[in-house]
Amino acid sequence: MRVIIAEDLALLRDGMTRLLRDNGFEVVAAVADGESLIREVVAQEPDIAVVDIRLPPDFRDEGLRAALAIRQRVPGTAVLVISQYVEQTYAQELLADRSGGVGYLLKDRVMHVTEFVEAVRRVAGGGTALDPDVVAALFARRRRDDPIERLTPREREVLGLMAEGRSNAGIAEALVLTVGAVEKHVQSILSKLDLPQSATDHRRVLAVLAYLQD
């Protein structure tokens, strides 16, 4: 898989480059600002861009804006954004197009190599990877009349893990359940939220994520 990294901190940028290369990715460019990111994505057409939300010159949302721009200019480019803190508005804006291949992780997750590499692979493959803290923040903002309120506490746990991008087997392991039990919970969630069942997990997750937005 071909990757472009956009991170202004040279130490972190170089660290992610080495980490991804050591795990079989081809890092075709590593840049420090949004304009360079857009230019390199257009030229290189990578499978995924790993992007810091806050980039020069103002360190506000330049990375996010660049990420949204490359999604429009080079359709099919997956984007995994990283941030120091949970920024709900940015997470919702990133997820708004519902087209798959998106992720939002906090920067400290990069230190968990296995989790970070798995997230990059999942997003590059068209799936979704959301930091658990981001999922929790989105849940906390739900309206009282929202369909989420129909779910049982266990179904909410399953939905949260679905939103992180975990498979049924991964959810079963995390909650100490059988895969069969998880499948029943998933079917119940989809039914209660009036969501059509899908043959592909990432589309199912994206459909559920639509209900995590205001």
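The structure reproduced in this document is the subject of the present report. (Residues numbered from 1 in each chain as written. Predicted model: local features only at pLDDT ≥ 70, side-chain atom pairs only at ≥ 80, totals over all residues. Heavy atoms only, no water.)

This next bit is on the pattern of salt bridges. Overall, the coordinates contain eight salt bridges when judged by the stated rule. Several salt bridges share partner residues, and in doing so they unite Glu-7, Asp-52 and Lys-107 into one network. (Salt bridge = Lys/Arg side-chain N within 4 Å of Asp/Glu carboxyl O.)

A few words now on the sheet that holds strand 5 (residues 102-106). The parallel open sheet is built from six strands, whose spatial order is 2-1-3-4-5-6. In this open sheet, the two strands that pair with only one neighbour each are strand 2 (26-31) and strand 6 (128-130). Between one strand axis and the next, the sheet turns through 20 degrees on average, direction left out of account. Examined bridge by bridge, strand 4 (residues 78-83) and strand 5 share five bridges and lie parallel to one another. In the strand pairing of strand 5, Val-79 is matched with Val-102. Across the sheet, helix 3 (residues 62-73) touches strand 3 (48-52), strand 4 and strand 5, and the angle it forms with strand 4 is around 175 degrees. (Pairing = 2+ DSSP bridges. Helix = DSSP H or I, 4+ residues; strand = E, 2+ residues; numbered from the N terminus. Axes fitted to C-alpha atoms, helices over the stretch in contact; angles between N-to-C directions. Contact = heavy atoms within 4.5 Å.)

Glancing now at the packing of helix 7 (residues 153-164) against helix 8 (residues 168-175). When two helices pack together, their arrangement is given by the angle between the helix axes and by the axis-to-axis distance. Put simply, helix 7 and helix 8 touch, their axes get as near as 10 Å, and they point 130 degrees apart. It follows from the interaxial angle that helix 7 and helix 8 lie oblique. Between helix 7 and helix 8 lies a crossing of right-handed hand. Contacts between helix 7 and helix 8 involve Arg-154, Glu-157, Val-158, Leu-161 and Met-162 from the former and Ile-171, Ala-174 and Leu-175 from the latter. (Parallel < 35°, antiparallel > 145°, perpendicular 65-115°, else oblique. Left-handed = near helix turned anticlockwise from the far one by under 90°.)

Most of strand 4 sits inside the fold, with six of its six residues counted as buried. By the alternation rule, side chains of strand 4 split into Ala-78, Leu-80 and Ile-82 and Val-79, Val-81 and Ser-83, which are all buried. (Buried < 20%, exposed > 50% of the residue type's maximum accessible area, 1.4 Å probe, protein only.)

With that settled, consider the environment of Gln-84. Within the secondary structure, Gln-84 sits in the loop between strand 4 and helix 4 (88-95). The contacts of Gln-84, once residues within four sequence positions are left out, are Leu-106 and Lys-107.

Okay, the nonpolar core next. In this structure, Leu-37, Val-51, Val-81, Tyr-104 and Leu-130 are the most contacted members of the largest nonpolar core, which totals 31 residues. Ranked by the residues each element gives to this core, the list is headed by helix 3, at five residues. Counting residues in each nonpolar core, the second largest holds 22 residues, with Ala-78, Val-117, Ala-119 and Ala-124 among its members. (Core = buried A, V, L, I, M, F, W, Y, C linked by side-chain atoms within 4.5 Å.)

Attention now goes to helix 9 (residues 179-192). Here helix 9 contains 14 residues, and its C-alpha end-to-end distance of 20 Å stays within 8% of the 20 Å for a straight helix at 1.5 Å per residue. Within helix 9 the residues assigned to the buried category are Val-182, Val-186, Ile-189 and Leu-190. When helix 9 is viewed along its axis, its buried side chains cluster within an angular range of 95 degrees and face the same direction. Residues of helix 9 that are exposed and point more than 90 degrees away from the buried face comprise Lys-184 and Ser-191. Remark: Asp-194 follows helix 9 within two positions and exhibits a positive phi of approximately 60 degrees. (Expected span 1.5 Å × (residues − 1). Arc of directions from axis to C-beta.)

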